[in-house]
Amino acid sequence: QVQLVESGGGLVQPGGSLRLSCAASRSISSFAAMGWYRQAPGKQRELVSTITSGGSTNYADSVRGRSTISIDNTKSTVYLQMNSLKPEDTAVYYCNGDLHTLPFGTRPIWGQGTQVTVSS
């Protein structure tokens, strides 16, 4: 069973920084793409950032310029560095991976989520 385990969430003051980690139970090369999503109370889950196996990245307008997604293949871990955090960044952050399936498909894998709270 493939698992994604997030960590790094917590309480941070406005303007602060956090680095979220997502450890995969198998090689990152098993995934076509990895990403981070978030869901605030009463709102739908939304995309934060994605990175493909080729290294192409994508960011939501709300976090572009403040966040960086990256992969450490040696640790099978995806990171989301978030800076200049705002109260509106408060949400549960979920790691997602598009796992390769035979012969040519993918299926989504989700982590359990990690809470990020931005408050003074």
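Residues numbered from 1 in each chain as written. Predicted model: local features only at pLDDT ≥ 70, side-chain atom pairs only at ≥ 80, totals over all residues. Heavy atoms only, no water.

A closer look at the pattern of salt bridges
It is possible for side chains bearing opposite charge to pair when their charged atoms get close.
Link 1 in the chain: Inspection of every chain in the model, using the stated rule, returns 4 salt bridges.
Link 2 in the chain: Close ionic contact of Arg 38 with Asp 89 constitutes a salt bridge, the shortest N to O distance being 2.9 Å. Highlighted residues: Arg 38 in strand E4 (residues 31-39) and Asp 89 in the loop between strand E8 (77-82) and strand E9 (91-101), separated in sequence by 51 residues. The two residues Arg 38 and Asp 89 agree in class, both being buried.
Link 3 in the chain: Of the charged contacts, one joins Arg 64 and Asp 61 as a salt bridge, the two residues approaching to 2.4 Å between their closest N and O atoms. (Salt bridge = Lys/Arg side-chain N within 4 Å of Asp/Glu carboxyl O. Helix = DSSP H or I, 4+ residues; strand = E, 2+ residues; numbered from the N terminus. Buried < 20%, exposed > 50% of the residue type's maximum accessible area, 1.4 Å probe, protein only.)

Description of the environment of Ile 69
Link 1 in the chain: Position of Ile 69 relative to the elements: it lies in strand E7 (residues 67-72).
Link 2 in the chain: Distance from Ile 69 to Ser 49, taken between C-alpha atoms, is 6.8 Å for residues 20 residues apart in sequence.
Link 3 in the chain: Each residue touching Ile 69, except ones within four places of it in the same chain, is listed here: Met 34, Gly 35, Trp 36, Ser 49, Thr 50, Ile 51, Thr 57, Tyr 59, Val 78, Tyr 79 and Leu 80. (Contact = heavy atoms within 4.5 Å.)

Examining the side chain of Ser 49
Link 1 in the chain: Within the secondary structure layout, Ser 49 lies in strand E5 (residues 46-52).
Link 2 in the chain: Taking relative accessible area as the criterion, Ser 49 reaches 0% and is therefore assigned buried.
Link 3 in the chain: Within the structure, Ser 49 has its side chain in polar contact with the backbone oxygen of Asn 58 (distance 2.9 Å).
Link 4 in the chain: Excluding anything up to four places from it in sequence, Ser 49 contacts Met 34, Gly 35, Trp 36, Asn 58, Tyr 59, Ile 69 and Leu 80. (Polar contact = N/O pair within 3.5 Å; in protein donor to acceptor, adjacent residues only side chain to side chain.)

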